Amino acid sequence: MPTFVSAGLIGAVVLWGLLYPASLGTTFEQALAFITRNFGSFYLWVVLALVVMCALLAFSRYGSLKLGAEDDEPEFSLGSWFSMLFAAGMGIGLVFWGVAEPISHYGAPPPGIPANTPEAANAAMRYSFFHWGLHPWAVYSVVALAIAFFQFRRQQPALVSAVTSSLPYPLVKKLAPLFDSLAVIATAFGVAASLGIGALQINSGLAKVFGLPVSTTAQVAIIVVTTAIFITSAVSGVARGLKWLSNANLMVAALLALAVFVLGPTVAIIDTLTNTLGGYLSEFVRMSLRMTPFRDSSWVAGWTIFYWAWWVSWAPFVGLFIARVSRGRTIREFVMGTVLAPTLAAMLWFSIFGGTALNLEVMHGAPIAAAVKADVSTALFAMFELLPLGGVMSLVATVLVAVFFVTSGDSATLVLGMMSHRGDPNPSARSKILWGLLIAGIAVSLLLSGGLKAVQTATIVFALPFTIVILLMALALWRGVRHDWHEEDRRERALRRRLRELAADR
């Protein structure tokens, strides 16, 4: 299926949402119910398998393979590389859910845990670590590593189809163009979901700081303005616009986290990190495979399954983008940088923001939970109101979300442009503009057809087909890595044997 057909299908969904928002919302809800009822366990098993695969690649003999030729050096410094992958992978989501998720779990915890109790608070932090820790980054890492491996070691185009076509299965080779189309659709809807979430939080921040009314009209206007900015940034190129924005954003995020850490309950934050890390490690397998077959509960579907689908829908976009900036790194360095490092950063973020919010709610009776129940996008700002310099931090957080919005849109237009130009790492400005407008259109149509709920529903629906593609990419990567490692090992043994022969001749 050619890429222009994917763009046409995306455009049709945008028009559907703009013209008949109620119909679109109803259709997505019905599809969501079917998927979560029949494929929830499938998502859990697939994502856990990807975590195991990352561990095997990083800590086995295969980790020494380089993504490129032996003399290739990384294009970007370690700091810039991490900034870009982190901004593209999770920026908006972390700021939006850093307070909202732990507080939400506290009031509505996983089945079997009483709400609004210390046990619920512990579970809230543990599941926040789980949802934003090793699992999502493993999804990104496998997809990114597969694309980078075949691009830099086999000189293949940066496309999903280039990876899956290496498999010795005629049907897979025949369906390869379809996989590129699925990647385009999953990317467009996954990114649009985050842009919709970002618009909600920017609106809440502007309402808190400047009194701007919270409304769909304001959120659409925010999408329009920020879209114009990220398209401009995308046209300027990776080495200028995106690199500079990502570095600046990571610095602002670090300063905001430091401010909350110092001005908030510092000791409680440290205790929260320590306690939650222990719980996360001890409950890792149980959380990874948790379903509720004997309870009438939608908690796992509404949180864990949604998140796993969200990461899958983002995987082609984040994966292709990370691959684009990762030439010259070893597999071990790549996995450590794309799985362990961002997982630790996410844990610190949730410990600081979620730990502070829960401490204020549980120990001091602050009304943060009530604010989250009324409007989840106001969670961060409700917490800032209770801290010194809260107004300043609200303004900084709003700017932070806006810049994360821009970096996500910027990198997404680059990736979609690459996909529509057969993997060209420098697609045309016209292509970037087209995809930027389509992404913004999806975000607007989803907001009009049901707000945050419609955004979440669309993400799960469009992620399911691409999950199969990720499994094929993982298989192709494993076969390719094993083959190249054995080839390099054979050459090294032959070289050592030749050197011994030369030494003996002397």
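These figures come from a predicted structure and were not determined experimentally.

**Quick look at the overall build of the protein chain**
Right, on to step 1. In terms of regular secondary structure, the protein chain is built from 18 helices and zero strands.
Right, on to step 2. Taken over the C-alpha trace, the protein chain has a radius of gyration of 23 Å; the compact-globule value for 506 residues is 23 Å, and the two agree within 12%.
Right, on to step 3. Along the first, second and third principal axes, the C-alpha atoms of the protein chain reach 85 × 50 × 50 Å.
Right, on to step 4. When the 506 residues of the protein chain are sorted by exposure, 59% land in the buried category.

**A look at helix α12 (residues 299–324)**
For the α-helix, the turn length of 3.6 residues means that residues three or four positions removed from each other point alike.
Right, on to step 1. In this model, α12 (26 residues) spans 36 Å end to end at C-alpha, consistent with the 38 Å of a helix rising 1.5 Å per residue.
Right, on to step 2. The principal kink in α12, of about 50°, is found at Ala-315, preceding the proline Pro-316 by one to four residues.
Right, on to step 3. Of all 26 residues that make up α12, 24 are buried, and the element is covered over most of its length.

**Some points on the packing of helix α5 (residues 134–152) against helix α13 (residues 331–364)**
Right, on to step 1. Contact geometry of α5 with α13 gives a least axis separation of 8 Å together with a crossing angle of 155°. Taken together, the axes of α5 and α13 lie roughly antiparallel to each other. Pair α5 / α13 crosses with right-handed handedness. Each of Leu-134, Trp-137, Ala-138, Ser-141, Ala-144 and Leu-145 in α5 lies in contact with α13, whose residues at this interface are Ile-331, Phe-334, Val-335, Thr-338, Val-339, Leu-340, Pro-342 and Thr-343.
Right, on to step 2. In terms of residue class, the contact of α5 with α13 is built from eleven nonpolar, three polar and no charged.

**Focus: unusual backbone geometry**
For residues that are not glycine, phi is negative in most cases, and the peptide bond is trans in most cases.
Right, on to step 1. The residue Asn-116 is not glycine, and still its phi comes out positive at about 60°.
Right, on to step 2. The backbone of Gln-155 shows a phi angle near 55°, a positive value even though the residue is not glycine.
Right, on to step 3. The topology assignment puts Gln-155 in the loop between α5 and α6 (160–164).
Right, on to step 4. The exposure class of Gln-155 is exposed, given its relative accessible area of 61%.

**A short note on the confidence of the model for the protein chain**
Right, on to step 1. Looking at the protein chain, pLDDT values average 85 and 94% of them are 70 or higher.
Right, on to step 2. When mean pLDDT is taken per element in the protein chain, helix α10 (residues 266–282) scores highest with 97 and helix α1 (residues 3–19) scores lowest with 72.

**Notes on the nonpolar core**
Right, on to step 1. Ranked by size, the top nonpolar core spans 170 residues in total, and within it Ile-10, Trp-97, Trp-310, Phe-353, Met-383 and Phe-384 carry the most contacts.
Right, on to step 2. The dominant element in this core, judged by the number of residues it contributes, is α12, at 19 residues.

**Thoughts on the packing of α10 against α13**
Right, on to step 1. Two numbers describe how α10 lies on α13: the axes approach to 9 Å, and their chain directions differ by 115°. Crossing of α10 against α13: the hand is right-handed. Here α10 contributes Ala-268, Ile-269, Thr-272, Leu-273, Leu-277 and Tyr-280 to the contact with α13, which in turn contributes Met-347, Leu-348, Ser-351, Ile-352, Gly-355, Thr-356 and Asn-359.
Right, on to step 2. Of the residues contributing to the contact of α10 with α13, the split by class is eight nonpolar, five polar and no charged.

**Quick notes on the packing of aromatic side chains**
Right, on to step 1. Scanning all chains against the criterion turns up 25 aromatic pairs.
Right, on to step 2. Aromatic pair Tyr-140 and Trp-311: ring centres 6.1 Å apart, planes at 85°, arrangement edge-to-face. Here the residue Tyr-140 occupies a position in helix α5, and Trp-311 occupies one in helix α12, the gap between them amounting to 171 residues. With respect to burial, Tyr-140 and Trp-311 carry one shared label: buried.

Conventions and cut-offs
Residues numbered from 1 in each chain as written. Predicted model: local features only at pLDDT ≥ 70, side-chain atom pairs only at ≥ 80, totals over all residues. Heavy atoms only, no water. Helix = DSSP H or I, 4+ residues; strand = E, 2+ residues; numbered from the N terminus. Rg over C-alpha atoms; globule rule 2.2 N^0.38 Å. Buried < 20%, exposed > 50% of the residue type's maximum accessible area, 1.4 Å probe, protein only. Expected span 1.5 Å × (residues − 1). Bend = angle between axes of the 7 residues up to and from the residue. Axes fitted to C-alpha atoms, helices over the stretch in contact; angles between N-to-C directions. Parallel < 35°, antiparallel > 145°, perpendicular 65-115°, else oblique. Left-handed = near helix turned anticlockwise from the far one by under 90°. Contact = heavy atoms within 4.5 Å. Nonpolar A, V, L, I, M, F, W, Y, C, P; charged D, E, K, R; others polar. pLDDT = per-residue confidence, 0-100. Core = buried A, V, L, I, M, F, W, Y, C linked by side-chain atoms within 4.5 Å. Phe/Tyr/Trp six-rings, centres within 6.5 Å; stacked < 30°, edge-to-face > 60°.

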